[in-house]
Amino acid sequence: MTSTGTMTAATAVATPATTTSKGSAALAPSVSLPPIDEPQRLAPSEARELSRVFFERLAVLEEGTPEYQYVRNTLIEMNLSLVRYVARRFRSRGESAEDVLQVGTIGLIKAIDRYDVCRDVEFTTLAVPYIRGEIRRFFRDATWSVHVPRRLQELRIDLARAFEDLEAANNHDPSAAELAAHLKLPEEEVREGLIACNGYDTDSIDRPIQTAGKQQTGLVADLMGCTDPALDLAENIQALKPHLAQLDERERTLLRLRFGAEMTQAEIGKELNLSQMHISRLLNRACTKLRKGLLAEA
């Protein structure tokens, strides 16, 4: 015969309880918890029914006790299928499936700790948004290759949704103006968000080129462009045009013969019946005018 002041762990788990409208616990007759050998293998319908029983029990147990930890841990294991269900929607993001499941489990635990069985609301109604929110926060804060402001990280998600909606409706890639109108945002902000999207992921320029059905022919770096020196020349010519127009006819002729026809000063002197020294002074004067005009613009 045992003392009335002692209580075994099994008896503690089966201790009856009820909850008041404010969530406080009081001892009352209740059904003991059913034993569960493999909580993760339960079908979703079974997990949903058993979760209700376990939540009622969790509400009356003292936090930190072995019984409380057992019930809470069992609830986590029983509802891991919710994490897998939500995580499947993010499998195209390119991140490790294990990392996404771990982050989603954090959301599940938060939902379990905040669930109030007295509200008579399905646990999945609370759990799914918590899990989804935790995974999205993970992608927003931890998966960007280049750090960008949080508002642009959040804008990337809105832009992706708007892009899909507009592409499906109009059968073409939407422009920045169309995205701005759809999201009711300034076009400049949308353009900034599109540029920031380039910082979401990066790739090594030393990675071999991946081509379907063909052998690798080089590295990604081989596909990257380089600066064409002729572009600088074309830009300088366009900048000189208005200043050349301000020179007189003789100065323009001298420049054309010297730099266009690539004639020497002596050859130009014979062509124009002028001394080489005079040709040199005229060329220096013309080049000085052009130089001053370009420096004044800078």
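One can find the structure itself at the top, above this paragraph.
Residues numbered from 1 in each chain as written. Predicted model: local features only at pLDDT ≥ 70, side-chain atom pairs only at ≥ 80, totals over all residues. Heavy atoms only, no water.

A. The arrangement of the overall build of the chain in detail. When helices and strands are tallied, the chain shows 13 helices and two strands. In the chain, which comprises 298 residues, the proportion classed as buried is 30%. Across the chain, the fraction of contacts at a sequence separation of at least 24, relative to all contacts at a separation of at least 6, is 53%. Accessible area for the chain stands at about 20100 Å²; split by element, carbon and sulfur atoms hold 52% of it. (Helix = DSSP H or I, 4+ residues; strand = E, 2+ residues; numbered from the N terminus. Buried < 20%, exposed > 50% of the residue type's maximum accessible area, 1.4 Å probe, protein only. Contact = heavy atoms within 4.5 Å. Areas by Shrake-Rupley, 256 points an atom, 1.4 Å probe, with all protein chains shown as cover.)

B. Broad picture of the nonpolar core. With 34 residues, the main nonpolar core has Phe55, Leu75, Met78, Leu108, Ile112, Phe123 and Ile135 as its most contacted residues. Of all elements in the fold, only α2 (44–58), α3 (66–78), α4 (80–87), α5 (97–114) and α6 (123–142) reach the threshold of two or more residues within this core. If near-sequence neighbours (up to four positions away) are discounted, Ile112 is found in contact with Phe55, Leu58, Arg72, Leu75, Ile76 and Phe123. Counting eleven residues, the second-largest nonpolar core is a separate cluster that includes Leu254, Leu255, Leu257 and Ile268. (Core = buried A, V, L, I, M, F, W, Y, C linked by side-chain atoms within 4.5 Å.)

C. Expanded view of a negative patch on the surface. A contiguous patch of negative charge on the surface is contributed by Glu164, Asp165, Glu167 and Asp173. Structurally, Asp173 is set in the loop between α7 (150–170) and α8 (176–183). (Patch = residues over 30% accessible without salt bridge, like charges linked within 9 Å, V, L, I, M, F, W, Y side chains within 5 Å. Salt bridge = Lys/Arg side-chain N within 4 Å of Asp/Glu carboxyl O. Lys, Arg positive; Asp, Glu negative; His and termini not counted. Charge placed at Lys NZ, Arg CZ, Asp CG, Glu CD.)

D. Representation of the packing of aromatic side chains within the structure. Inspection of every chain in the model, using the stated rule, returns four aromatic pairs. Aromatic pair Phe55 and Phe123: ring centres 4.9 Å apart, planes at 45 degrees, arrangement tilted. Here Phe55 is found in helix α2, whereas its partner Phe123 is found in helix α6, with 68 residues between them in sequence. Taken individually, Phe55 and Phe123 each receive the classification buried, so the pair is uniform in this respect. (Phe/Tyr/Trp six-rings, centres within 6.5 Å; stacked < 30°, edge-to-face > 60°.)

E. Region of interest: the pattern of salt bridges. A full pass over the atoms with the stated rule returns ten salt bridges. Two residues, Glu134 and Arg137, come together in a salt bridge whose shortest N-O distance is 2.9 Å. Placement of the pair is Glu134 and Arg137 together in helix α6, with a separation of three residues, close to one helical turn.

F. Inspection of α3 at higher detail. In this model α3 runs 18 Å from its N-terminal to its C-terminal C-alpha over 13 residues, within 8% of the 18 Å that 1.5 Å per residue would give. Within the span of α3, buried status applies to Glu67, Tyr68, Val71, Arg72, Thr74, Leu75, Ile76 and Met78. (Expected span 1.5 Å × (residues − 1).)

G. Representation of the packing of α7 against helix α9 (residues 187–197). Running from amino to carboxyl end, α7 crosses α9 at an angle of 95 degrees, the nearest separation of the two axes being 9 Å. Accordingly, the angle class assigned to the pair α7 and α9 is roughly perpendicular. Residue-level inspection shows Arg151, Leu152, Leu155, Arg156 and Leu159 of α7 in contact with α9, the latter providing Glu189, Val190, Glu192, Gly193, Leu194, Ala196 and Cys197. The class makeup of the residues in the contact of α7 with α9 is seven nonpolar, one polar and four charged. (Axes fitted to C-alpha atoms, helices over the stretch in contact; angles between N-to-C directions. Parallel < 35°, antiparallel > 145°, perpendicular 65-115°, else oblique. Nonpolar A, V, L, I, M, F, W, Y, C, P; charged D, E, K, R; others polar.)

H. Seen up close, the side chain of Glu251. Residue placement: Glu251 occurs in helix α11 (residues 249–260). Ignoring sequence-local partners within four residues, the contact set of Glu251 consists of Arg285, Ala286 and Lys289.

I. Broad picture of the packing of helix α12 (residues 265–272) against helix α13 (residues 276–297). Where α12 contacts α13, the axes come no closer than 8 Å and their chain directions differ by 105 degrees. As judged from the angle between their axes, α12 and α13 are roughly perpendicular. Residues Gln265, Ala266, Ile268, Gly269 and Leu272 of α12 form the contact with α13, whose participating residues are Gln276, Ile279, Ser280 and Leu283. In the contact of α12 with α13, the residues fall into five nonpolar, four polar and no charged.

J. Geometry of the side chain of Glu134. A residue is classified by how much of its surface remains accessible, and Glu134, at 12% relative accessible area, is buried. Polar contacts involving the side chain of Glu134 include one to the side chain of Arg137, which spans 2.9 Å. When residues no more than four places from it in sequence are discounted, the contact partners of Glu134 are Val103, Ile106, Gly107 and Lys110. (Polar contact = N/O pair within 3.5 Å; in protein donor to acceptor, adjacent residues only side chain to side chain.)

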